Amino acid sequence: MAERVVRNVENDYLMCSICLGRYQDPRLLPCGHSFCRQCLDDHVKQTVTDSAAQFFMCPNDRTQIERPAVGLPPKRWAEAFPVDTFLSSLVSAVMIHASTASDGETSTAVCKQHKNRLKEFFCVHHCVSACALCVVKSHKEDKCDCVSLEEAVDRLRPKMDALRNTLQKQVKVAKSLQQRNDASRMDFLDASKDRVLTELTDLETKMTFYFRTALQQIADMKSTVQEAGKSMVTENASAIVSNINETIEKFDEVCNNGSGPEIFKIVSKMETQVKEYENALKTLVMLPPRIEVHFAINRNTERIFENFPVLGSVIIQSPGHQGYVCRGHHGCSPTSAYDHANAKTTPVPRLSLGSLETARTARSSRSVSQSTNRSDFTDSPRSVRSPTRPKVTVSVQIVDQANTSWQLTGVAIIGDCLVITDAHNNQVFRFETRPSGAMPEQLSIDCPVCVAPGHGGSVAMVTQPEHRKLSLLDVGNGLVVKEFIETAKPYEGIAKLLEERYAVSCCVVDRQCIDIIDVAGTILQTIDKDDTGNMILSWPRFLSATTGGDILVSDRDKRALICISLAGRVKWTYPTNASPWGVTCHNSGSVYLCLDTKEIQVLTEAGSLVKRGFVSRRDDIQVPYAIHAVEDYIAVTEWGSNLFAPSSPRVHMFAT
């Protein structure tokens, strides 16, 4: 009843006739009508165009309202009228009532089953409050003991007092523990602190020495580069002079001490030697040598730059309690309990370098505007230039140094492994995403195109269209071929489905289709035509599966992303203004689509655009190609700067 009265009062008396919303700072006109100060100000500005005007019309009854003060400009008339204190007080009272009702104070006092009755009784057996009608209908058992709320409180008072006494005792115990100074425990803690600080200081000393040594090496190499070539001619001339003098000494010795045959022999050699020296001098004078400078970086050093290792972790732990791992590159984050043995091998993301994990946990919250009841309120979106998205880049070049161009056509994140296929060099690469001491690995396979997580364990399924087969790889502890699966068609794209099935795509002319196969490669269903017999697909390269089990296929020639049900019906089509490449669906329902315009678009599973530029040019990705998203990461391969010349060895990882 009270809520109905309040609602009627608000609708009949507290609504501004201009904005049709609840009064905000109401101002009272001489004619007796009140309006929001902002509404009145807008009305005056729209109707009074002459700054020398003496009056304006009331929006309700068209009464002439004189300006509130002499010489006051129209833009200040609204704030000059007095505040309607009665309406302001009434609005405040209604807002207080609304906030009280939203907190549940009113709703808990009214019976949910019988809306017009208050809860006046309490059933001691069921420990619930009830109205009189509930007592009669629902609490008829012999165990039910329904009493008034006041009596129920009196009955519970001894229990409440006992709980209060227990809490007070617990406070005393906690205070005594807080004040107790366990010297032996503190000494143990201080000793562990000193030990860790000593280890960190030693690490700091080593890092400082390495840094200084590296800088000195760079300075020495710069000096060598600056001096290169300056003394090249002088050094060559000095070498020729030294060689000529040495030849003269040997010649004089033979002439003075040698026999006739020896002298004849040395004279013949000397003639040849003189000609060689003559040619060397002419070359040195007429054509100075062409000089170039090159730098060859140490491969071990380059691997550090491409994959920065985490220095270590500080583990704050008490046996039997939750532990906290504090990493050197960012703050503490709670983890599960560790024992002393496994605490030393706590997994820390290797490829993330801290930036991806920080991006997940420290993502800034979106600002939400407070809504109002004003009908003229509009939310004008403002374009904000977002900062560069945190990412980590890994290069397959560190394990494939023999090649100069790559074609990374597939990528999949499987457990703690990043699996990449290179169709140009017939290689499959495996990188650890967490530090285990394992180096990146590669495996030679003929024409590997796309890769998808397999069914069961840490396995991957790789398509090999030129050989009409699939390769099942074990990627748990390396790269091992478990099985070759012969297929009836040359499949390129692949996506994992439920119930040990895969969706695979065929791009052969006149055979463009999507097949659903089992783990043995047997075709269970073919999707190629609609009900009218028209081909659904033109170039179905990349595949993914939605959380609902539908198939997503990016069709290059149709320039569209198509969603197809397992029954073979097109559910929706999202047209693109460029050729679509890799597609993946995150378990949150977000669909990521790569385009050859150097951008990645984000869609819903219903085909609606959410974000056009998941990455931008500032992310330094040259034509994103293959993509895969899992719980924590999104991995994207890079085709290169030119679609006709794939050359990039880089794979980028973003935080979801």
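Before reading on, note that the structure itself is shown above.
Predicted, not measured: the structure shown is a model, and the values here were computed from it.

A. Inspection of the overall build of the protein chain at higher detail. Tallying secondary structure elements over the protein chain gives 13 helices and 34 strands in all. By the burial criterion, 34% of the 656 residues in the protein chain qualify as buried. When contacts within the protein chain are restricted to residue pairs at least 6 apart in sequence, those whose partners lie at least 24 apart make up 45%.

B. View of the nonpolar core. Core analysis: the biggest nonpolar cluster contains 61 residues, and Leu418, Ile420, Phe431 and Leu561 have the highest contact counts within it. Once residues lying within four places of it in the same chain are set aside, the contact partners of Leu561 are Leu552, Val553, Ser554, Trp572, Thr573, Tyr574, Val583, Val591, Leu593 and Leu603.

C. Structural view of the pattern of salt bridges. Tallying each qualifying case throughout the model produces 19 salt bridges. With a shortest N-O distance of 3.8 Å, Glu499 and Arg501 are connected by a salt bridge. In this structure, Lys571 and Asp550 form a salt bridge, with 2.8 Å as the shortest nitrogen-oxygen distance. Placement of the pair is Lys571 in strand β27 (residues 570–575) and Asp550 in the loop between β24 (540–545) and β25 (551–555), with a sequence separation of 21 residues. The exposure class assigned to Lys571 is exposed, which follows from its relative accessible area of 51%.

D. Spatial organisation of the state of the cysteines. For the structure on display, the rule yields zero disulfides. Distance from the sulfur of Cys506, which forms no disulfide, to the nearest cysteine sulfur (Cys513) is 4.9 Å. Cys563 takes part in no disulfide bond, and the closest cysteine sulfur to it belongs to Cys585, at a distance of 9.1 Å.

E. Representation of unusual backbone geometry. Unlike most non-glycine residues, Asn426 shows phi in positive territory, near 55°. Locating Asn426 in the fold gives a position in the loop between β13 (417–422) and β14 (427–432). What makes Asn426 partly exposed here is its relative accessible area of 29%. Positive phi, normally seen in glycine, also occurs at Lys598, with a value near 65°. Summarising the element assignment, Lys598 is placed in the loop between β29 (591–595) and β30 (599–603). Judged by its relative accessible area of 25%, Lys598 is partly exposed.

F. A look at the sheet that holds β30. In spatial order, the strands read β28-β29-β30-β31; together these four strands make up an open sheet with antiparallel pairing. The outermost strands of the open sheet, each flanked by one partner alone, are β28 (580–585) and β31 (609–611). Looking at each pair of strands side by side, their axes are set apart by 30° on average, direction ignored. One ladder, built from five bridges, connects β29 with β30; its direction is antiparallel. What sits directly across from Cys594, in β30, is Ile600.

So, how was this worked out
Every chain's residues receive numbers from 1 upward, in the order its sequence appears when written. Since the coordinates come from a predicted model, pLDDT governs what is reported: local features require at least 70, and pairs of side-chain atoms require 80 or more to be given and counted, while whole-chain, interface and lining totals use all residues. Side-chain metrics rest on all non-hydrogen atoms present in the structure, leaving aside hydrogens and water. Under the DSSP-based scheme used, a helix requires at least four consecutive residues in state H or I and a strand at least two consecutive residues in state E, with every element numbered from the N terminus. Three labels apply to residues, based on accessible area from a 1.4 Å probe with only protein chains included: buried if under 20% of the type maximum, exposed if over 50%, partly exposed otherwise in between. Residues count as neighbours in contact if any of their non-hydrogen atoms are within 4.5 Å of one another. In these notes, a set of buried Ala, Val, Leu, Ile, Met, Phe, Trp, Tyr and Cys residues joined through side-chain atoms within 4.5 Å is what counts as a nonpolar core. Criterion for a salt bridge: a side-chain nitrogen of Lys or Arg within 4 Å of a carboxyl oxygen of Asp or Glu. Pairs of cysteine sulfur atoms within 2.5 Å are what we label disulfides. One bridge is not enough; two strands pair if DSSP finds at least two bridges between them. For helices, the fitted axis covers only the stretch in contact; all axes are lines through C-alpha atoms, and the angles between them, taken along N-to-C directions, range from 0 to 180 degrees.

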